[in-house]
Amino acid sequence: MAALFCLSVEGTALACSRAAFVTDAGDVFVGRNQDWTEKVNSTFNVFPRSMERVGSADENPLTWTSKFGSLVITGYDTGTHEGVNEAGLAAHQLFLAQDLDFGERDLDRPGLGIMMQAQYMLDSFATVAEAVAAIEASDTQIVPLILPNGEPTDLHLSLTDATGDSAIIEYTKEGGHPRIYHDRRFVVMTNEPTFDRQIENLRQYRGFGGEAALPGERTPADRFVRAAYYVNALPEPETRDIGVAYTMSVMRNVSVPHGSGEPGKPNVANTIFRSVQDLDGQRYFFESTFAPNVVWVDWSELDFSEGAPELELRVEERILSLTGDVTDELVPPAEPFDWALASD
């Protein structure tokens, strides 16, 4: 039973770790580390409902109107790499260097630029089950691009909702079609290998059916095992704040300290920031590894109504001057956010 439980807990081409902590009371906290070779100008952005979207592909782009408002973190000013919507659906994109296949561009299929993939999910669905059903029924094609630093957008996607349901979406099937791992048990995610092989690897360790000791390297596979082990070990929190702190403690354990990354290996890069989403308490926490303070946005205080203004907070740029609740620091941007165009 312990092994089964741990299997259940869990923008930008970024090496990362993600783990969700679902309490006995049903509260859901989702933590994420952004590990990368440089800062990416991480910014909180607020998008209201009823925004007209074009899927940032050159030809035959997917189009939609946002059903839900969202609070997201964007990177490189090119796209959403994580976020949450007002219904409590969370999305995170992480680096996956192996076995990806987005397929040769088929112009008969609507194209969705990969830097808008997470945003499309947040705009469109309230639950993981709704999103998975839509992905399975859709013929949309994900279109990758090259980032400003020359790295490709080799990404897989995780979804979590306020019930604790979870899914991992990886485009590893021939022709650019997704493999979907949908189960509320699947709430740990790092980078390569693919999710099925991560689960297979996990089973060799103590507590998961095997005899091997807990690994301590910086590799994605070792981080996956430690995240699964430690999130399973968390006690029931007495308060929501303690639940956030417990989740952050797991993310700190699977971080890569500065100076420990490997040049030329974005899957073993320094941790740039950590975030925790409290899906029931509606607070979004951010901790930069370049600053000693933690800040958060209370999205229950945000106006997501149709016609409300877009808002932003350049949190990575300003982190040393911020502390605590920064909801009031969100202001209208000089220009509306513009997603990077993926090339067909």
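Here the structure is a predicted model, which means the values were calculated and not measured.

Considerations on the pattern of salt bridges
The full count for this structure, using the stated rule, is 17 salt bridges. With a shortest N-O distance of 3.1 Å, Asp27 and Arg240 are connected by a salt bridge. Remark: Arg240 occurs in helix H6 (residues 240–253) and Asp27 occurs in the loop between strand E1 (15–22) and strand E2 (28–35); sequence separation between them is 213 residues. Classification of Asp27 as partly exposed rests on a relative accessible area of 22%. Between Asp183 and Arg185 there is a salt bridge whose closest N-O contact spans 3.3 Å. Since its relative accessible area comes to 23%, Asp183 is described here as partly exposed. Linked by salt bridges that have partners in common, Asp27, Arg240, Asp278 and Asp280 make up one network.

Points about the pairing of strand E8 (residues 90–95)
With respect to burial, E8 is a largely interior element, 6 of its 6 residues being buried. Sheet analysis places strand E7 (residues 79–85) next to E8, joined by 3 bridges and oriented antiparallel. Across the sheet, residue Val84 finds its bridge partner in E8, namely Ala90. The turn joining E7 and E8, which pair antiparallel and follow one another in sequence, is formed by 4 residues; a positive phi near 95 degrees is taken by Gly88.

Topic: unusual backbone geometry
Of note, the bond from Glu192 into Pro193 is cis; its omega dihedral lies within 30 degrees of zero at 5 degrees. Positive phi outside glycine occurs at Asn60, with the angle close to 50 degrees. Among the secondary structure elements, Asn60 is positioned in the loop between strand E4 (52–54) and strand E5 (63–65). Positive phi outside glycine occurs at Gln282, with the angle close to 60 degrees. Within the element layout of this structure, Gln282 appears in the loop between strand E15 (271–278) and strand E16 (283–288). Of the residues examined, Gln282 reaches a relative accessible area of 25% and is grouped as partly exposed.

Here's the deal with the packing of aromatic side chains
Any aromatic ring pair is given by two values, namely how distant the centres are and how the planes are angled relative to each other. Applying the stated criterion across every chain yields a total of 16 aromatic pairs. Arranged with centres 4.9 Å apart and planes meeting at 80 degrees, the rings of Trp64 and Tyr120 form a pair that is edge-to-face. One end of the pair, Trp64, is in strand E5; the other, Tyr120, is in helix H2 (residues 117–124), and 56 residues separate them in sequence. By relative accessible area, which is 9% here, Trp64 ends up buried. Tyr120 sits in the buried class, given a relative accessible area of 19%.

Remarks on the sheet that holds E7
Pairing in this open sheet of 8 strands is antiparallel, and the strands run E13-E12-E11-E8-E7-E6-E3-E18 from one edge to the other. At either margin of the open sheet sits one strand with a lone partner, and together these are strand E13 (177–182) and strand E18 (311–313). Pairwise comparison of adjacent strand axes, ignoring direction, gives a mean angle of 25 degrees for this sheet. Pairing geometry for strand E12 (residues 166–173) and E13, over 5 bridges, is antiparallel. Bridge pairing in E13 links Lys173 to His177. Most of the contacts of helix H3 (residues 128–137) go to E13, to which it runs at about 155 degrees, and overall it touches strand E11 (155–160), E12 and E13.

Some details on the nonpolar core
Counting 33 residues, the largest nonpolar core has Leu112, Tyr120, Met121, Leu157, Leu159 and Ile169 as its most contacted members. Apart from the residues lying within four places of it in its own chain, the contact partners of Leu112 are Gly55, Leu62, Trp64, Gln117, Tyr120, Thr140, Gln141, Ile142 and Val143. Core analysis: the next-biggest nonpolar cluster, separate from the first, contains 28 residues, Cys16, Phe208, Val231 and Leu234 among them.

Let's talk about the pairing of E2
Taking burial as the measure, the 8 residues of E2 include 8 buried ones, the bulk of the element. Burial of the side chains of E2 extends over both faces: Val28, Val30, Arg32 and Gln34 are buried on one face and Phe29, Gly31, Asn33 and Asp35 on the other. Here 7 bridges tie E2 to E15, and the two strands are oriented antiparallel to one another. Bridging from a neighbouring strand, Arg32 pairs with Ser275 of E15.

Quick word on empty space enclosed by the protein
Taken as a whole, the largest cavity holds about 140 Å³ of empty space. If you trace the largest cavity, you find 13 residues lining it, with Ala134, Ile135, Ser138, Thr140 and Tyr171 closest to the centre. Secondary-structure elements contributing two or more residues to the lining of the largest cavity are H2, H3 and E13. Of the residues contributing to the lining of the largest cavity, the split by class is 9 nonpolar, 3 polar and 1 charged.

Comments concerning H3
Buried within H3 we find Val128, Ala131, Val132 and Ile135. For H3, the angular spread of buried residues about the axis comes to 95 degrees, placing them on one side. Of the surrounding secondary structure, the elements contacted by the buried residues of H3 are H2, E11, E12 and E13.

Conventions adopted
- Residues numbered from 1 in each chain as written.
- Predicted model: local features only at pLDDT ≥ 70, side-chain atom pairs only at ≥ 80, totals over all residues.
- Heavy atoms only, no water.
- Salt bridge = Lys/Arg side-chain N within 4 Å of Asp/Glu carboxyl O.
- Helix = DSSP H or I, 4+ residues; strand = E, 2+ residues; numbered from the N terminus.
- Buried < 20%, exposed > 50% of the residue type's maximum accessible area, 1.4 Å probe, protein only.
- Pairing = 2+ DSSP bridges.
- Phe/Tyr/Trp six-rings, centres within 6.5 Å; stacked < 30°, edge-to-face > 60°.
- Axes fitted to C-alpha atoms, helices over the stretch in contact; angles between N-to-C directions.
- Contact = heavy atoms within 4.5 Å.
- Core = buried A, V, L, I, M, F, W, Y, C linked by side-chain atoms within 4.5 Å.
- 1 Å grid on protein atoms, 1.4 Å probe; cavity = no way out; pocket = protein on both sides within 12 Å on 5 of 7 lines; lining within 4 Å.
- Points joined across faces, edges and corners; volume = space filled by probe spheres on them.
- Nonpolar A, V, L, I, M, F, W, Y, C, P; charged D, E, K, R; others polar.
- Arc of directions from axis to C-beta.

Note that all results are geometric; they support no functional claim without further evidence.
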